[in-house]
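Spelled out from the first residue to the last, the chains are:
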Amino acid sequence: MPPSPDTKGKPVRLPQDLLLGKVPVRARDLCDEGMLRVRVTDDYEALVAAISGWSEVLAIQTLLTAAKLADRVVVEWQAGIARKAFASPPIFPLLAVLLVLRDAEHVHDAANDGDGRQFDLASARSAIHSHVLSKGFFVDSQIVLCADSLGKSTPHDLYDPKTRRLRNRADIETVVLDLLAGHQYRADHEYGLSKPKALAIIVAELFENTHLHGRLDLDLRPVGPNSVRGLVIKRMELKVPPRMGTKDGSAGRSVAALELSIFDAGVGYFSSFTREGLGPTTDLRHEWKVLHNCLERHYNPELPDQRSSHRGMGLNEVLRSLQSLGGSLEIRTGRLFAYRSFVEGELQPQMQINPSEWTPVHIWPKPVLLDTAKRYVAQPTEHEQLIGSSVRILVPLE
Amino acid sequence: MHGLALFTRFREGSFEGNVCLLVYDLPDLSGAHLSSDFRDLLDQHPNTPRICLLAPFHSVEAIRRIATHSTALQRLDKAVTLDVATLHASDPGKLAVSTTSLHPTLTTGEYRPATLNKEIIEGWMADLFRLHRGLVSAPPGVHFGKGSQRHADRFLRTSNLLLSSKACAVCAYFALAATSGRQPRRLFVDTAPLLSVALMMQRIAAVHGFWEVAPPSDSFSSYGGVDQLPLISKDDLFLISASTSGGLAKKLVEVGAQPASVVTLYLLESTEGSEGAHQVVCDLTYRPGRTFGYSKIENYRPEACPMCRRASFLARLEGDQFLLQKRAVKRLRIVKTTQTEDARKLFEVFSRHGALGVRLRDQQIRQPEIDFDLQRLLKTAPEVKEQFVRVIRRFAPAPLDAVVLVGWSLQAFHSFVKEAGLERQLGGIKAVVAHDLGWMEPVEGGGVLVFVGVLNDHAALRQINAQLRTIVPGGCVGYVSAVTVAESRKHLADLRVFLQFGEHGPETFIFRSAFEVMLPPRPEGFGAWELEAEYLMQLRSDGKLPTEMVERLAWLEATGTSASDLFLNGKSGQLRLARDFAFLDTTQALDSVTQGDVFALVSNLLASARNDGVSLRATSQADSPAALWSQSVYGQTLLCPSVFRLFNDAVLRAAFLRAAHRTELDYSSDLETSQEVADVVVAELQAWLHGKGDALPEFALALATSRLRLVDHHVANLVEVARTCEVPDYIKLMLASRS
């Protein structure tokens, strides 16, 4: 693949250079002398298939942050993967995001073989915008993208094409329910919860948040040239730890799981809530509290909410739903990376007896998140500051 | 919302608030549904201290389990009570609706039932009726001939309500409560749409164990079918959709029905009496002390009908059916008198300071697009400061214990107090920013001044009011604002009543503004500037962005709020207000009038026109019917094309194109108005050659973004005319983009 004539610096190879290894990937390290040089090779699909438990949405968020820091973005494609990605971008979430970066330059090694028509960026972007979610898992991964800075911000699945308004919650729930059609869930009649519906409510609320808080900066301007929001849906393998007390020394097992992730490139939870910028001097514990207050209205009444219409999504309900689904949640925003997991076999701290003394006793999760680095502890670790936010939900399918 | 929310008001001593009925028909109702609905409900209606759940297809135990086994109750603070409606046998031979409290939980852990006030049930049913426009008024020159052989200019159409299983279920639930609960042999309804209610009654009665089998149901076609009814048994149940005279119920009793078995869903009394109706679920008649209802209907005998005498056309109704015709077009006109006197004064004071901007996009809903730079106005417009200071001096409670700041920082407040010479009243008084109100120490019987800059978020002030009622019990609270924005007189009056009402009646507290202005809320969905930016971004993305628009797009992407550069430039550059403008004195500092001033003024004119010219200071009698200028299946409101002819100033045309609702600019289904607007655009195209036609880019953009819609062949004609005129390519591109 010939590099662009005036490119410099070390290329970022996808996906391996965006994986969370022992040393965390830092968005600022991806840029070299103000340039973000991304390379997509023909073995991309094989590499992705070989990774277990990859958070593609976190890779997207890291890439968007690097693109914001860079003065110039160049994407170098090998012809094979370019041909596939340009033809069907929605089934390659990370690559689809690359294609909607407004000012990125795309070069490919088939550029001179007279077959440039199949690498038409405008057509690829139209394909992303007009994509209608494939129902019942016809494909393993897909993305619905709102490319706000390209003027293609209202995909059919999430916005009403006639009025251009965000679809109401019931419609978004219908989209998610259709998506899950045909899948069975663990039975949990005890709580009377409809599992797919509980999941659909969470997704609808999270996406509504990106519409309200993920498009504009604090001065109500578009957030920048790479203002992107999206919903990623993937089928994947989830590693379940061995059951407590098993003596056969098994290393656990893999179960089929569904990933639903929502991301945006906005100002993030902290600034959206406080209407203030997030900087290196901001107290990390304050940022942690604000995150919780964003998610739970009554979590910490000491913090004044600067948003005139409070729309905490209800961490309590989300965690309760996830608990009943045996799933997990990861939130990456600002300098925080938080999670809760109710996957079978995982240690489950921060639980409480059902707060109502007049109802039967249940063990419920406390409405707090845990830190991904420290594990099992509700104290934050400082990570690199990323733009926007991403929420990743994993639910085992049975 | 997953549930259907119906509201009515209740009073307990001096306290008045909403009581909301949440109706669910979900088979898999869960705590997550309840929780999400509680959040939305309390966000949108903060003064709702009572919520009642009704899930007619679930047992009461199931609902109780769903609510208490979830985290939904944690959404509710202690002041909000949550009940669940229960249906049970009461007096011998009667059913009744009670409520069982779920929140706050009694210390004993018991669930104690209490009878539900009939007035509250009627209020909810009336809200359902109002929401679906059950009361149909005859258009001018027409009146109705009803099956009861009476003539009237209004009639009740219950079938308008029966559009969802939730609505049918709520009607059925309360109708069942009006019966004895005994198993009927057959169920008769007066019109076919009511069969849906009958089926719901069967289902609810089975779930709650009142009926063992579902009785057969038939429609008997109202008055016309009474004679064809089979022999009536005492175990037959009758359901009447609506009545104004009670005549149908009387007739049914005459042919053998038991009075206790004839249930009328809605009754609106007529001036000639309505004695015949027996078991009435909802009486819609307005009475003193009620917060809902309609005035009595005037029924006339055909021989004494004054409308017939005036040669008004008689439209005969068969049951409740009538024919739909093409939607009538109502032209929203702007004339000199559209601008109210107070609005004129306000814009004379507020214009020319660069203080009226437009928020090009927003995260909040139902907020106006206009942004007031109050700090600038206080500095540059002496009258604003003078009026505001006078209101503060006049209405601040004395003695004063605290000031609550809304839209002011502590620093800005203290510096204003100093500059305005208010140290004697406000100096040294504890000031609290509204967001910190939650942990303000209670001051029993104290005096608090709520100090607002620009009041455009009524819900926020209602929340502050609710908080202060517990922080300053028995105290004296004054609300003052420099500028209060409201979308109608009624909107402002509702806020006033809400803020001022307390234990001593309607003026327990005081609310005053230095200035009040009528402005419409931002339309839902994308506004004019968001659509413009999206359109230009799409052109850029496709590599078709004309060079003339590159700078414009950069400006749109870099701007959040602006008082200038709002409209596309015309042939002669920036659009400016010309002399001899009817709505502003153009003899003074004309050059200082900004595009933001013009847009705000035009927004006010449109709001005023949509309110039929009723000023914010008018009395309640002046209110026009709520639906007068709204879009409905019967009529379409369009901005009258005469607006574009009369106001030929390009800046005004641009402002109307950006401030009108999209639906008001949708001329695509009316040939006549579309032609009128197309003629205006053609004139602009032809004028371009002669150095005029400055509004042409704005018309072209409105067409390109589909804010303005014309009949297809009119658009095609515009494209053709543009081809023959020497207009720039970017205008041709915009005109052609939707053709």
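Because the structure is a prediction, the values reported are computed rather than measured. (Residues numbered from 1 in each chain as written. Chains lettered and ligands numbered in written order. Predicted model: local features only at pLDDT ≥ 70, side-chain atom pairs only at ≥ 80, totals over all residues. Heavy atoms only, no water.)

1. Regarding the overall build of chain A
Piece 1. A count of helical and extended segments in chain A gives eleven helices and 14 strands.
Piece 2. Buried residues in chain A amount to 58% of all 398 residues.
Piece 3. A sequence separation of at least 24 residues applies to 72% of the contacts in chain A between residues at least 6 apart.
Piece 4. Of the roughly 15900 Å² of accessible surface on chain A, a fraction of 52% belongs to carbon and sulfur atoms. (Helix = DSSP H or I, 4+ residues; strand = E, 2+ residues; numbered from the N terminus. Buried < 20%, exposed > 50% of the residue type's maximum accessible area, 1.4 Å probe, protein only. Contact = heavy atoms within 4.5 Å. Areas by Shrake-Rupley, 256 points an atom, 1.4 Å probe, with all protein chains shown as cover.)

2. Regarding the packing of aromatic side chains
Residues and elements named next belong to chain B.
Piece 1. Overall, the coordinates contain 22 aromatic pairs over all chains when judged by the stated rule.
Piece 2. When the ring of F188 is compared with that of F238, the centres are 5.2 Å apart and the planes differ by 20°; the resulting orientation is stacked. You can see F188 sitting in strand β11 (residues 187–189) and its partner F238 sitting in strand β13 (residues 237–243), a full 50 residues away along the chain. Here the two residues F188 and F238 agree in accessibility, since each one is buried.
Piece 3. When the ring of F416 is compared with that of F451, the centres are 6.1 Å apart and the planes differ by 50°; the resulting orientation is tilted. Separated by 35 residues along the polypeptide, F416 in helix α12 (residues 410–419) and F451 in strand β22 (residues 447–455) bring together distant segments of the chain. F451 matches F416 in its accessibility class, with the two residues each being buried.
Piece 4. Every member of this aromatic cluster is reached through a ring pair, and the members are F388, W408, F413, F416 and F451.
Piece 5. Here the basic side chain of R50 rests over the ring of F10, its NZ or CZ set 5.1 Å away from the ring centre. (Phe/Tyr/Trp six-rings, centres within 6.5 Å; stacked < 30°, edge-to-face > 60°. Lys NZ or Arg CZ within 6 Å of the ring centre and 35° of its normal.)

3. What to know about a nonpolar patch on the surface
Residues and elements named next belong to chain A.
Piece 1. The grouping of L347, Y376 and V377 at the surface amounts to a nonpolar patch, some 260 Å² of accessible area in total.
Piece 2. Looking at the element boundaries, L347 is found in the loop between β10 (336–341) and β11 (351–353).
Piece 3. On the basis of relative accessibility, which here comes to 54%, the residue L347 falls in the exposed class. (Patch = residues over 30% accessible without salt bridge, like charges linked within 9 Å, V, L, I, M, F, W, Y side chains within 5 Å. Salt bridge = Lys/Arg side-chain N within 4 Å of Asp/Glu carboxyl O.)

4. Let's talk about the sheet that holds strand β18 (residues 356–359) of chain B
All names here are of chain B.
Piece 1. The strand order across the open sheet built from three strands is β19-β18-β25, with neighbouring strands paired in antiparallel fashion. For this open sheet the edge positions go to β19 (370–372) and β25 (561–562), each flanked by a neighbour on one side alone.
Piece 2. Here three bridges tie β18 to β19, and the two strands are oriented antiparallel to one another. Across the sheet, residue V358 finds its bridge partner in β19, namely I370.
Piece 3. Helix α18 (residues 595–610) rests against β18 and β19 of the sheet, and its axis sits at about 75° to β18. (Pairing = 2+ DSSP bridges. Axes fitted to C-alpha atoms, helices over the stretch in contact; angles between N-to-C directions.)

5. Digging into the confidence of the model for chain B
Residue and element names in this part refer to chain B.
Piece 1. Across chain B, the average pLDDT comes to 87, with 94% of residues at 70 or higher.
Piece 2. Across chain B, the element-wise mean pLDDT spans from 74 in strand β6 (residues 113–115) up to 97 in helix α22 (residues 696–704).
Piece 3. Interface confidence in the predicted complex, given as ipTM, is 0.81; pTM for the same model is 0.76. (pLDDT = per-residue confidence, 0-100.)

6. Comments concerning the sheet that holds β10 of chain A
Think of a sheet as strands paired side by side through backbone hydrogen bonds, with each pair either parallel or antiparallel.
Piece 1. Within the open sheet, the seven strands sit side by side as β6-β7-β8-β14-β9-β10-β13 (chain A). Their pairing is antiparallel. Single-partner strands in this sheet number two, and they are β6 (141–147) and β13 (370–371) of chain A.

7. Digging into the nonpolar core
Generally speaking, nonpolar side chains in soluble globular proteins are found buried as a group.
All names here are of chain B.
Piece 1. F350, F388, F416, L426, F451, F656 and L708 are the most contacted members of the largest nonpolar core, which has 118 residues in total.
Piece 2. Once you skip the residues sitting within four places of it in the chain, L708 turns out to touch L657, L665, Y667, V677, F699, A702 and L703.
Piece 3. With 60 residues, the next largest nonpolar core counts F57, M125, L128 and A177 among its residues. (Core = buried A, V, L, I, M, F, W, Y, C linked by side-chain atoms within 4.5 Å.)

8. Overview of the environment of R469 of chain B
Piece 1. Assignment of secondary structure puts R469 of chain B in helix α14 (residues 458–471).
Piece 2. Note: C-alpha distance between R469 of chain B and A702 of chain B (233 residues apart in sequence) is 48 Å.

9. Comments concerning the side chain of S389 of chain A
Residue and element names in this part refer to chain A.
Piece 1. Assignment of secondary structure puts S389 in strand β14 (residues 386–396).
Piece 2. With a relative accessible area of 6%, S389 lands in the buried category.
Piece 3. At 2.9 Å, the side chain of S389 and the side chain of D264 are in polar contact.
Piece 4. When neighbours within four sequence positions are excluded, S389 is seen to be in contact with Q61, I262, F263, D264, Y269, R332 and T333. (Polar contact = N/O pair within 3.5 Å; in protein donor to acceptor, adjacent residues only side chain to side chain.)

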